[in-house]
Amino acid sequence: MSWQARVVIAKYWVTRRKQVFADPGKLRDSAESHQAESVQVPGWVHRRFDVVESDVLGHRCYTLHPREPENSQHILYLHGGAYVHQVEQAHWRFLARLIDSTGSVVTVPIYPLAPAHAYDETLAMVWETYQRTLGDLPAQDQIVMGDSAGGGLSLFVAQRIKHRGWPQPRRLVLFAPWLDLTTSNPGIAERESHDPFLSGPGLREAARLYTDGLDQRDPRVSPLFGDLSGLAPISVFTGTRDVLLTDSRRLRDRIRATGADVDYEEYPGMFHGWILQNLPEARHATDRVSELVGD
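Residues numbered from 1 in each chain as written. Predicted model: local features only at pLDDT ≥ 70, side-chain atom pairs only at ≥ 80, totals over all residues. Heavy atoms only, no water.

## Examining the environment of Ala207
Residue position: Ala207 is located in helix α9 (residues 200-211). For Ala207, a relative accessible area of 0% corresponds to the buried category. Spatially, the C-alpha atoms of Ala207 and Val221 are 9.0 Å apart, while their sequence positions differ by 14 residues. With residues near it in sequence (within four places) discarded, Ala207 still touches Trp178, Leu181 and Gln216. (Helix = DSSP H or I, 4+ residues; strand = E, 2+ residues; numbered from the N terminus. Buried < 20%, exposed > 50% of the residue type's maximum accessible area, 1.4 Å probe, protein only. Contact = heavy atoms within 4.5 Å.)

## Quick word on the sheet that holds strand β4 (residues 105-109)
What holds strands together in a sheet is hydrogen bonding between their backbones, with the strands either parallel or antiparallel. An order of β1-β2-β4-β3-β5-β6-β7-β8 is seen for the 8 strands of this open sheet, with the pairing classed as mixed. Each of the sheet's edge strands pairs with one partner strand only, and the pair in question is β1 (49-56) and β8 (263-267). With strand direction ignored, the average angle separating the axes of adjacent strands in the sheet is 15 degrees. For β1 and strand β2 (residues 59-66), the ladder comprises 8 bridges, and the chain directions are antiparallel. In the sheet register, Val56 faces β2, and the bridge partner there is His59. Across the sheet, helix α6 (residues 119-133) is in contact with β1, β2, β3 (74-78), β4 and β5 (142-147); its angle to β1 comes to roughly 125 degrees. Helix α7 (residues 149-164) rests against β3, β5, β6 (171-175) and β7 (234-239) of the sheet, and its axis sits at about 145 degrees to β5. (Pairing = 2+ DSSP bridges. Axes fitted to C-alpha atoms, helices over the stretch in contact; angles between N-to-C directions.)

## Details of the side chain of Thr182
Within the fold, Thr182 resides in the loop between β6 and α8 (186-190). A polar contact of 2.6 Å, which involves the side chain of Thr182, links it to the side chain of Asp180. Of note is the side chain of Thr182, whose polar atom sits 2.9 Å from the side chain of Ser184. The contact partners of Thr182, leaving out residues within four places of it in the chain, are Arg204, Gln216, Arg217 and Ser222. (Polar contact = N/O pair within 3.5 Å; in protein donor to acceptor, adjacent residues only side chain to side chain.)

## A short note on the pairing of β5
Of all 6 residues in β5, 6 are buried, a share of seventy percent or more. Of the two faces of β5, the one lined by Gln142, Val144 and Gly146 and the one lined by Ile143, Met145 and Asp147 are each fully buried. Across 5 bridges, β3 lies against β5 in parallel orientation. Paired with Leu78 across the bridge in β5 is Gly146. The pairing of β5 with β6 spans 5 bridges and is classified as parallel.

## A short note on α7
Under the 1.5 Å per step criterion, the end-to-end length of α7 is 23 Å for 16 residues, consistent within 8% with the ideal 22 Å. Within the span of α7, buried status applies to Ala149, Gly150, Gly151, Gly152, Leu153, Ser154, Leu155, Phe156, Val157, Ala158, Gln159 and Ile161. Looking at the residues trailing α7, positive phi occurs at Gly165, about 80 degrees. (Expected span 1.5 Å × (residues − 1).)

## Some thoughts on helix α5 (residues 89-102)
Given a rise of 1.5 Å per residue, 14 residues ought to cover 20 Å, and the 20 Å separating the end C-alpha atoms of α5 matches this to within 8%. Across the 14 residues of α5, 10 count as buried, placing the element largely inside the fold. Following α5 by one or two positions, Gly103 adopts a phi angle in the positive range, close to 70 degrees.

## What about the packing of aromatic side chains?
Tallying each qualifying case throughout the model produces 12 aromatic pairs. With a centroid separation of 5.7 Å and 55 degrees between ring planes, the pair formed by Phe21 and Phe197 is classed as tilted. Here Phe21 is found in helix α2 (residues 19-22), whereas its partner Phe197 is found in the loop between α8 and α9, with 176 residues between them in sequence. The burial state of Phe21 is the same as that of Phe197; both residues are buried. Look at Tyr267 and Trp274: their rings are 4.6 Å apart centre to centre, the planes differ by 40 degrees, and that puts the pair in the tilted class. Connected via pairs of aromatic rings, a cluster forms that spans Tyr12, Phe21, Phe197 and Phe271. A cation over a ring is seen here: Arg160 above Trp127, with NZ or CZ 5.4 Å from the ring centre. (Phe/Tyr/Trp six-rings, centres within 6.5 Å; stacked < 30°, edge-to-face > 60°. Lys NZ or Arg CZ within 6 Å of the ring centre and 35° of its normal.)

Next up, the structure:
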């Protein structure tokens, strides 16, 4: 683990970043301040890329075009935030690195969040965004990618594509995906003292707000319980300090049980959201994604 990563982890502990997810009440308060109206595309993103804004079912969606595209691939990126937090500055910085590394177009839907909206509106907007932006492209030009909750949404999209009988995307790329909203696996409690950011109580409260009474094992919101056969090639990047590590490992094992392979990369000591940070480990993973996307 790099010294830069150790500094970030220490900062998280000192500033008590974990408290939002350790206390359901603070999670609810935080969720209220992260609605779509607060999202602004940074000025530097507009200066570096051609940014096209569109409306999808009444919600904003941004497509970032590199000034000199290197290929015909289009990445649908679904951001994390436990279904209650909007896209953050770290996401925009990561997306810039991703575009620089891959030369691909990237679309980011600003999907509706709990508690103002529930899962049905979120899934409808995400699915509609896929159809409008990637649906008419050749399958080899489609990449679906996401972190945390966005990883779960990415797997939902792939499963919906399969249900429709359409060709699968070229690849799914999942960063520390949240795939089981019950958060009942014992592995979560085992890593509570090691994770400087996430915690079970806040995750369970976020899931409660998002699912709005739906069975949390429903594959639409917990795709780990859905059909994992016949999907696109999957790459998973996770860290050993993350309470959601168990979701990634279970996905790996279930994919392999279908007879398929999964590109699974576990980074020692990494915490939730590390891929978004300016760290040597994140740059290494981004380079690896570029290689996978370009295969």
